[in-house]
Amino acid sequence: MCEIAILRNKIMQSSNSVSAFPKLPARYISVVMPFILSVLMTFVVSLIATLKNLGFSADLLTHWMPAWGLSWIVAFPVLLLVLPLVRRLVGIVCHKP
């Protein structure tokens, strides 16, 4: 019974390890959110576009990674600029929680 409690504590500690990661102050949310969004979206969209143009090939990565890098360099600043407008438009369309 004691071993189960020890194991349960280890599991709980490992699940809380994400919260132990040092966090940025809340004032950075307006930069971190578009950063993560732009990385994920350009990753997926550039992969789809590269696959559409080249198909599955041996040199897929050599074409996809530069395309992803270029698309991210464009997407991140664009997101920083348009996100306030998008928030206003969402506020017009949706009720506040």
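Model, not experiment: these values are computed from the prediction. (Residues numbered from 1 in each chain as written. Predicted model: local features only at pLDDT ≥ 70, side-chain atom pairs only at ≥ 80, totals over all residues. Heavy atoms only, no water.)

Caption draft 1: Structural detail: the overall build of the protein chain. Secondary structure assignment for the protein chain yields 4 helices and 0 strands. What you see in the protein chain, going N to C, is helices and strands ordered as α-α-α-α. Counting over 97 residues, the protein chain shows a buried share of 11%. In the protein chain, of all internal contacts separated by at least 6 residues, the share reaching a separation of at least 24 is 63%. By element, 76% of the accessible surface of the protein chain is carried by carbon and sulfur atoms, the whole surface being about 8300 Å². (Helix = DSSP H or I, 4+ residues; strand = E, 2+ residues; numbered from the N terminus. Buried < 20%, exposed > 50% of the residue type's maximum accessible area, 1.4 Å probe, protein only. Contact = heavy atoms within 4.5 Å. Areas by Shrake-Rupley, 256 points an atom, 1.4 Å probe, with all protein chains shown as cover.)

Caption draft 2: Fine view of the confidence of the model for the protein chain. Per-residue confidence for the protein chain gives a mean pLDDT of 86; residues scoring 70 or more make up 80%. Within the protein chain, helix α4 (residues 60-93) carries the highest mean pLDDT (94), whereas helix α1 (residues 2-15) carries the lowest (60). (pLDDT = per-residue confidence, 0-100.)

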